[in-house]
Every structure is written in structure tokens, then in C-alpha cells.
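Commentary on secondary and tertiary structure
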Amino acid sequence: MSNNIQGLSLIGGQPVRGNGKPFQAFDPGRNEAIGPDFHAVDAAQVAEACVLAGAAFDAYRATSDHERADFLDQVAAQILALGDALVERAMAETGLPRARLEGERGRTVNQLKLFAELLREGSWQDARIDTALPTRTPPRPDLRLRFVGVGPVAVFGASNFPLAFSVAGGDTAAALAAGCPVVVKAHSAHPGTSELVGRAVVEAVRQCGLPAGVFALLTGSGHGIGDTLVRHPAIQAVGFTGSRSGGLALMAAAAARPQPIPVYAEMSSINPVVLLPGALTARGADIATGFAASLTMGVGQFCTNPGLVLGLAGPDLDRFAQAAAEALKPVAAGTMLTPGIAGAYQRGEEQLAGQPGVEALLRGESGGCQGAPSLFRTTGAAFLANHAMSAEIFGPASLLVACRDLDELLAVLEGLEGQLTATLQLQDEDEADLAAARRLLPTLERKVGRILANGFPTGVEVSTAMVHGGPFPATSDGRSSSVGTAAIQRFLRPVCYQNLPRALLPPVLREPNERGVWRRRDGALTRN
Ligand code: NAP
């Protein structure tokens, strides 16, 4: 497979030159455009990809779990086969360093393999059997439930994870595992990376003998493509990671369709970190160092970045503030993903610095595409009086809030919007810290998708028990996760079969249970 980037989309398994406006990728490290020209698709080409996805759906979902697992493994193999060309292009298009992108490629591949394992294990269909009770009054019919894919899924790649949350990232892997064809809108910040990965997926589709409509990649810049894609009648669900305004626009478009569809958008989170007094006294300096590392990782461009730190006012919190500012001071400005994201970061810093009652503990020198760390401090009372302080600043900036007492700290948490994560720094053996944590937990459970103790929120394990979600605006639907095997549930819906003869039942609901998958029979989990 050639690694030459040609500026093309992929529709029906073929490279296609878009009929729309040309645009170029941008290297934020060198501050210059990079070739070749990419050609945006037009509305007819978006529609063609969607129609092909709709036509491929029944054949694709009829494949066995093992066939789809082999396909996901093949996608992973094809991504690895792209070799260094993929990493180098992603470095140029994002400003992210090699080690980070190599790690992200590993994560992307492992994510695909995790879904392949889930399919081979088989319980993802959540098979349930309520056997017939003919002698009951009234008689109960034979009822059998399994989950099936919802249909073609539109995926919007994220700017900050050009591999793991992009063309063959978590949304795509989950949808393909569920038996749903995928139409990806490539993020305009990394179109070359997208084209390379898209070609790897198309090659896997070809090698596995699947219908070409199972996957399409749409290149372009501007909101028209995404809007047309979400409104196309063949599309049945949307996966998105990006800005709050983008997520809201797509939710509105999806809701305005004659047939509204679900949008799983991950948008905005400031990830509060609570410093409980015992932990602050025992290891405030260590927490400050860990916090600084978490805040500045990847120039702060993580959805789980710790943008808000809460503690009780006093000498321990003052020492923490000083130690955190000192740990952040030597961190040089780093290249941000796009000029737009860097500009938004700098405006966010300015706006927060200008709020009444906010003091800058550290202001790094951000400018151009470079973002430097900043740390601000305010009081619980000032924060509670000013909603603007809780806006996400996407980048390495954080706000430390010194609260009068635990009641005020709880009030600050109560006032927050939904979050992806909340972190408790506490001493495991300290009864006062544990009692305080017990008071906070009911609020945190209502507000966030993942509660951590004694760590930092950056670093999201891809696994079975992970939740990367949370109430709005962390996500558009707090019942879901976009990371880990739970992510497949977004693209499934239940179907019940009542009194169907064995010959017509899907294999997972038939007797005997030939694959020995876990099923819930008359209420009890069994492999029989
Ligand atoms: P974005 O502007 O929301 O773009 C994401 C994708 O959605 C792109 O493909 C974009 O198209 C498309 N899009 C955006 N608005 C749209 C609309 N109104 N209608 C149709 N399609 C639309 O996100 P971004 O460029 O990645 O980052 C911008 C900001 O998002 C950041 O400054 C940050 O605040 C936030 N962000 C948050 C997270 C998070 O995980 N919470 C992650 C990344 C970014 P184009 O490619 O044509 O622009």
C-alpha cells in the first residue's frame, strides 16, 4: 500500500477527489501550510457515502462475531503496516511529539483488539431468555432479547487525539464491533493522518471481503459536511469529540431530522480535583508536583485536564499553591494543535485573569501557536458569584479555589455542570478525610462519570470498567461512555423475539447455547 497522501476521500472503497473547495493541512510547529491540497466533498458525495453505508448494513451485521473480530484485528494490523509515515504525518499536523503519537498508535491498536476480544467472548449482545410458562394464568410466551447495531454511524474525529479518537479510534471501533457501518468526517486539523488511517481501514474491509460501504472517510473543512452527514436519513447515530458549540450544533441537527437520532458528543469538562486536609498536610508538595505534570501533559490538551482545584483556605493550601506554581514555572510553552485552539486558549486565560477576585499565581508566555501554563487563584465566594470562572479553558491553565469550609466546597461542586471526572486527594487512614469524602461522594456521583482517589484525571485506561462520559456538557448523554468496552452500548438497541421458532432465532438465542456465551435465562446468568 502506498503511503503517498493524495488529498482524497474514501467512498465505496475507492479514493475519491472531493468536488468542493481545496484546503491544506497546517503544521503548527513550523507555522506553515503543508501539502498536498485536500478537496472537500460536496453534499452529493456525503449522500453517496451514507447510501452505501445503509446498503451495507444488513450484510455487515449478518457477519459472525468472529468475522467482525478478525476484521478489527485486520484494521489494527493495517494501521501498524503504515509504519513511521503515519507517525511523521501526525507529528507535522498536530505538533504532538513522536513518543506521544507512538503511544497513541499503540492505544488505537489495543482498542481495536479489545473490541475484537469482546466480540469473541460474545456477551455484548446481552442475551436474555424468559422461557414460556404455558400453565401460568395468563400464560407467558417464550421471550428472547438480544442487542443489535442501530445502523450506520457518523463519527467526527477529535483534534486532540489524531489516532485514538479519530478515523479508527474508539467511536469507530465500537460502532464497527456493534455491526454498524461507519462514515467518518475527518478532522480538518489532521487530514493527511486521516487519509492514511482511512486507507488502512479500506484495505482491511477489502481483505475481509466485506461490503465496501462498511466504511467511508469524508474530507473537508467547514460545518456543511458535518451538518449534511448528520441529517442524512441513512445515519442512525453520531459519535463526536470536540467543542461544545460543535456538539450542540450536531445535537440540534440530529433532533431536527424527521427521524431524530442520538448524538454521543463529548464536549467540555474542567475535572475538579479536591484536596482534602489530611492529604494536603501529609503530602501537599508531592500532590503539587503530580498536579503540574498532569496539567501540562500534552500542553494541557486533554478532555480530562485538571482545570479546577478545590481546597480549604489555610497555610497548607498556600504552601500547595506556591509549590504548584514553582513546579509549573520551568515548563516551557508548547506547540498547540491548531492556531484556533491556541487562540482560544489565550483568550480563555485573558478572560479568567480579568475576572474580579482572580489572582494569577503564574502566567506563562503564550503566543502564536504556543501555549504556556497558567495558574490562577480565587475564593469559594468569588467562584460561586461568577459562573464565567467555571468555563473550560482548553490548555494548560487551572484555577485554584480556596474555600472557607467544607460546606462552601460542597456548594462549589454542586454549582458545577456535569464533568468527565472528579479527583479526591485524601489520606486512606485519616478518618476526617474519609468523612469529608463521604459527604462529597453523593454530589460527585450526580455530577461526574469517573471518581478517582489519589491520582490525576489525565490518563484514561481503555478497559472493561472505564467510564469516559458524564452528565451534560461533559457529554450529551451521561448514560454512555466513549472509552472502553461499554462504548459499544451507544450503538446498540434491544430486539425481543416472541415465540419465534428455533430456525428463525439468531444463533445467540438458540438452544443449545453452542458458543457457551453468558445469557440471562429466567433471571439467572448461565452459559447453558
Ligand atoms: P470542533 O471545532 O468542535 O470540531 C470537531 C469536528 O466537528 C470537526 O470535524 C469540525 O469540522 C466539526 N464541527 C465543528 N462545529 C461544527 C458544526 N457547527 N457543524 C458541523 N460540524 C462541526 O473541535 P476542535 O477543532 O477539535 O477543537 C475546538 C475546541 O474544542 C477546543 O478549543 C476545545 O475547547 C474543545 N475540545 C474539547 C475536547 C474535549 O475532549 N472535551 C477535545 C478537543 C477539543 P471542521 O474539521 O471542518 O472544523
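Please refer to the structure higher up on the page.
Cut-offs and rules
- Residues numbered from 1 in each chain as written.
- Predicted model: local features only at pLDDT ≥ 70, side-chain atom pairs only at ≥ 80, totals over all residues.
- Heavy atoms only, no water.
- Helix = DSSP H or I, 4+ residues; strand = E, 2+ residues; numbered from the N terminus.
- Polar contact = N/O pair within 3.5 Å; in protein donor to acceptor, adjacent residues only side chain to side chain.
- Contact = heavy atoms within 4.5 Å.
- Axes fitted to C-alpha atoms, helices over the stretch in contact; angles between N-to-C directions.
- Parallel < 35°, antiparallel > 145°, perpendicular 65-115°, else oblique.
- Nonpolar A, V, L, I, M, F, W, Y, C, P; charged D, E, K, R; others polar.
- Near = heavy atom within 4 Å.
- Buried < 20%, exposed > 50% of the residue type's maximum accessible area, 1.4 Å probe, protein only.
- Pairing = 2+ DSSP bridges.
- Right-handed = clockwise from strand over helix to strand, strands pointing away.

**Some points on the side chain of Ser-390**
The topology assignment puts Ser-390 in the loop between α12 (380–384) and β18 (397–403). There is a polar contact of 2.8 Å between the side chain of Ser-390 and the backbone oxygen of His-387. When sequence neighbours within four positions are dropped, the list of residues in contact with Ser-390 reads Ile-270, Phe-383 and Leu-416.

**Quick look at the packing of helix α2 (residues 65–81) against helix α4 (residues 98–121)**
For the pair α2 and α4, the least separation of the axes is 8 Å and the interaxial angle reads 170°. In terms of their interaxial angle, α2 and α4 are classed as roughly antiparallel. Contacts from Asp-65, His-66, Arg-68, Ala-69, Asp-70, Leu-72, Asp-73, Val-75, Ala-76, Ile-79 and Leu-80 of α2 reach α4 at Arg-105, Thr-108, Val-109, Leu-112, Lys-113, Phe-115, Ala-116, Leu-119 and Arg-120. Residues belonging to the contact of α2 with α4 are distributed by class as follows: 11 nonpolar, two polar and seven charged.

**Focus on the site of the ligand**
Near the ligand, the surroundings consist of 24 residues, among which Ser-159, Ser-188, Ser-243, Met-267 and Cys-303 are the closest. Within the backbone of Met-267, a nitrogen or oxygen atom sits 2.6 Å from a nitrogen atom of the ligand. Within the residue set of the shell around the ligand, elements represented by two or more residues are α7 (223–231), β10 (237–241) and α8 (244–255). Of all the elements, α8 adds the most residues to the shell around the ligand, at three residues. Among the residues making up the shell around the ligand, the classes are represented as eight nonpolar, 12 polar and four charged.

**Details of the pairing of strand β8 (residues 182–185)**
Along β8, one buried face is formed by Val-182 and Val-184 and the opposite face, lined by Val-183 and Lys-185, is buried too. Bridge count between strand β7 (residues 153–156) and β8: four bridges; the pairing is parallel. Counterpart to Val-155 in the pairing with β8 is Val-184. In the sheet, β8 pairs with strand β9 (residues 215–218) via four bridges, with the strands oriented parallel. Considered in β9, the bridge of Val-184 is made with Leu-217. The handedness of the β8 to β9 crossover, carried by helix α6 (residues 191–207), is right-handed.

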